Amino acid sequence: MTLSTLWVLVEPTEDSLTSTSLEMLSHARTLSDNVAAITWGNGASFAAQAGDYGAKTLYDVGDLSGALPGVPVASAIQALIEREGAPDAILIPTSYDGRDVAGRLSARLDRPVLTNVAGLRDESGLVTEHPVFGGSLTVYAKFTSDGPGIVVVRAKSFAAEPAGGVPATVVAATPGELGATASATIVTSHVEERTGPKLEDATVVVSGGRGLGDASTYALIEEIAKLLHGAAGASRAIVDAGWVPYSHQVGQTGKTVKPLVYVACGISGATQHMVGMKGSKNIVAINKDPDAPIFQIADLGIVGDVHKVLPALIDALKAR
Amino acid sequence: MNIVVCVKQIPDPAAPQSFDASNNLNRSGKLILDEADTYGVEMALQLVDKAGGGEVTVVSMGSGADVAGLRNALAMGATKAVIVSDESLRGSDALSTAKVLAAVIRRGPFDLILAATESSDGYTGTTPVQLAELLGLPSITFAKAVSVEGSTLKVSRQTEAGYDEVSATLPALVTVTAGVVEPRYASFKGIMAAKSKSLEVLSVGDLGLDGQVGAAGARETITAVQASESRQAGEKYVDEGDGAEKVVAFLESIKVL
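Here the focus is the overall build of chain A. Helix and strand content of chain A: eight helices and 16 strands. Scaling as 2.2 N^0.38, a compact globule of 320 residues should have a C-alpha radius of gyration of about 20 Å, and chain A matches this with 21 Å. By principal-axis analysis of the C-alpha atoms, chain A measures approximately 65 × 45 × 40 Å. Across the 320 residues that make up chain A, the buried fraction comes to 59%. If you take every contact in chain A between residues at least 6 apart in sequence, the share linking residues at least 24 apart comes to 65%. Accessible surface for chain A amounts to roughly 11700 Å². Of this, 50% is attributable to carbon and sulfur atoms. For chain A, the distance from the average site of its 24 positive side-chain charges to the average site of its 33 negative ones is 5 Å.

Take the overall build of chain B next. Helix and strand counts for chain B stand at six helices and 13 strands. C-alpha atoms of chain B, sized along the principal axes, occupy 65 × 45 × 40 Å. Expressed as a percentage of the 257 residues in chain B, the buried residues total 51%. Pairs at least 24 apart in sequence give 72% of the contacts found in chain B among residues at least 6 apart. When the accessible area of chain B is evaluated, it comes to approximately 11100 Å², of which 50% is carbon and sulfur surface. Side-chain charges in chain B split into 22 positive and 32 negative, and the spacing between the mean points of these groups amounts to 5 Å.

The final tally for this structure, using the stated rule, is three cavities of 30 Å³ or more. Of the volumes computed, that of the largest cavity is approximately 90 Å³. Considering the residues around the largest cavity, the lining is formed by R236, D240, Y246, Q249 and T253 of chain A together with T117, F142, Q158, T177 and A178 of chain B. The residue makeup of the lining of the largest cavity, split by class, is three nonpolar, five polar and two charged. Here the second largest cavity is characterised by a volume of approximately 60 Å³. Lining the second largest cavity we find A67, L68, G70, V71, P72, D100, R104, T181, A182 and A184 of chain A together with S139 of chain B. By residue number, the principal contributor to the lining of the second largest cavity is helix α3 (residues 70–84) of chain A, which donates three residues. Taken together, the residues that form the lining of the second largest cavity break down as six nonpolar, three polar and two charged.

Here the focus is the environment of C6 of chain B. Residue and element names in this part refer to chain B. Mapped onto the fold, C6 is located in strand β1 (residues 3–6). The exposure class of C6 is buried, given its relative accessible area of 9%. In the structure, C6 is positioned 76 residues away from V82 in sequence and 9.8 Å away in space, judged by C-alpha atoms. Those residues in contact with C6 that lie beyond four places of it in its chain are D37, V59, L101, I105, I113, L114, A115 and L131.

This next bit is on the packing of helix α4 (residues 96–109) of chain A against helix α4 (residues 127–135) of chain B. Contact pair α4 of chain A / α4 of chain B: the axes reach a minimum separation of 8 Å and the direction vectors enclose 45°. Taken as axis vectors, α4 of chain A and α4 of chain B run oblique relative to one another. Between α4 of chain A and α4 of chain B lies a crossing whose hand is right-handed. Of the residues in α4 of chain B, those touching α4 of chain A at D100, G103, R104, S106, A107 and R108 of chain A are V129, Q130, A132, E133 and L134 of chain B. Looking at the contact of α4 of chain A with α4 of chain B residue by residue, the class counts come to four nonpolar, three polar and four charged.

Further remarks concern the sheet that holds strand β9 (residues 162–169) of chain B. The strand order across the open sheet built from 10 strands is β11(A)-β9(B)-β8(B)-β7(B)-β10(B)-β6(B)-β1(B)-β4(B)-β5(B)-β11(B), with neighbouring strands paired in mixed fashion. Two strands bound the open sheet, and with one partner strand each, they are β11 (185–191) of chain A together with β11 (199–202) of chain B. Averaged over all neighbouring strand pairs, the angle between strand axes comes to 25°, with direction disregarded. In this structure, strand β7 (residues 139–149) of chain B lies alongside strand β8 (residues 152–158) of chain B, joined through six bridges in antiparallel fashion. Within β8 of chain B, the position partnered with V146 of chain B by the bridge is V155 of chain B. Each of β7 and β8 of chain B is contacted by α4 of chain A, which is oriented at about 95° to β7 of chain B, the strand it contacts most. Contacts from helix α2 (residues 68–76) of chain B reach β4 (56–62), β5 (80–85) and β11 of chain B within the one sheet, and its direction differs from that of β5 of chain B by about 165°.

Definitions and cut-offs
- Residues numbered from 1 in each chain as written.
- Chains lettered and ligands numbered in written order.
- Predicted model: local features only at pLDDT ≥ 70, side-chain atom pairs only at ≥ 80, totals over all residues.
- Heavy atoms only, no water.
- Helix = DSSP H or I, 4+ residues; strand = E, 2+ residues; numbered from the N terminus.
- Rg over C-alpha atoms; globule rule 2.2 N^0.38 Å.
- Buried < 20%, exposed > 50% of the residue type's maximum accessible area, 1.4 Å probe, protein only.
- Contact = heavy atoms within 4.5 Å.
- Areas by Shrake-Rupley, 256 points an atom, 1.4 Å probe, with all protein chains shown as cover.
- Lys, Arg positive; Asp, Glu negative; His and termini not counted.
- Charge placed at Lys NZ, Arg CZ, Asp CG, Glu CD.
- 1 Å grid on protein atoms, 1.4 Å probe; cavity = no way out; pocket = protein on both sides within 12 Å on 5 of 7 lines; lining within 4 Å.
- Points joined across faces, edges and corners; volume = space filled by probe spheres on them.
- Nonpolar A, V, L, I, M, F, W, Y, C, P; charged D, E, K, R; others polar.
- Axes fitted to C-alpha atoms, helices over the stretch in contact; angles between N-to-C directions.
- Parallel < 35°, antiparallel > 145°, perpendicular 65-115°, else oblique.
- Left-handed = near helix turned anticlockwise from the far one by under 90°.
- Pairing = 2+ DSSP bridges.

In structure tokens, the structure reads:
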């Protein structure tokens, strides 16, 4: 292994580190013998989990008193580098807060950042893999300056596998003076309730796009998802149009899903959407435009009107 | 209230994308204002209106001479535009882009900077936050609603689970999601008025950034570009009233049913 040290930003949720965090730890330990994780908030309570997935040390920025994580976490990482020396690279999840940390850190350290990374290997230095043009091409890139390179990794790029490691040693990491940059503070949090499995974990994902025609037709998508014990997703177009909340969005800016089957209804297959779902095991597409790009990757394509096919599908599923 | 909106002119997303010989995105065709940026322009116009006055300045950078996208923003109602246009900016990475934008924005007073969450061509998505850090500003990304009360900025910010209400003190930077407002179409009057508005074109030298940005400042390189393993299209049927049955049969075949 030519990589001596890798740091991985691991994002806490209420009861676990995020799945992308665990995926990155799992892969990092195959590239380096010395993997450390960095977390904040309640993250230190997951030291056992971080260790199980390969982190020896867990640097903890601690409670942020409501501040958005980007500024204080980037500052703490900068201070850590000054104290402990720079790792070869810092892996950061593609998430709202992860991208904030990456941008802040890049400008603070004057170091480059590579985003939308879907693969990472060591060829006498890190080589990153980026799907472009809707995943039809893969670009390979590497850093040409001294470390640490900042790598922002897409969800589901690697498998999350525990390695049975001992709990990570928790070490405090403290932000420096933040000045005016620190004023962004969370006042209240709103959780949009949803039932059934989480979009990114569901075995079946049924998604709707602009072809549904109007917001009310999305109820058909939700009903089919429920009948198949799956989750309901959406294209960026209808999320932007305000038909469904952002938490349903599948694609470049939304969630990456790899279910057993993905059912795309009234979705044409824009580049932005395909990147988030083309890793699905099976793809079914229903669209009235026979030339829609989605049919090029669909295992089963139905050229038809979603307003006819979806109600018939609901009847057929209910009759079983 | 003075607002700066960072915008990008991009190749038409409806046209097929390709790389040039140096593995940069081919930008030889006509460039248009990134649709993702029209939301920031509209948001700025609305906020300045609500504040009872002020200027909306559109700031951009590029390697070519095209300014049609900036004219479009001016036609929507922006006060003036500044573009750093220099052949040496070809191959700029996100941090170099942020350095150029920061140098332009430092030249004048502002209360708020708006940008899209990411461009629709490169979608790196880090330039705005890098810019905020270079300017020493707080930032709130992924805004789905923005309001200003005095010197306090209030933003509904998307999260994995829903959204947060976040506040910050101006001056600040906000990235807005598409759909945050309904961008207006440029009126004929607006298009005519845009022709006489200030559109300043600067070079890298004007900003004192020679040799620090563009390909010279990029510290990452593309080692290879390969066609991805392609997914084969399967069977395609025209619905003759049996479309739903075909879907059910397929779901049975993969044991989902």
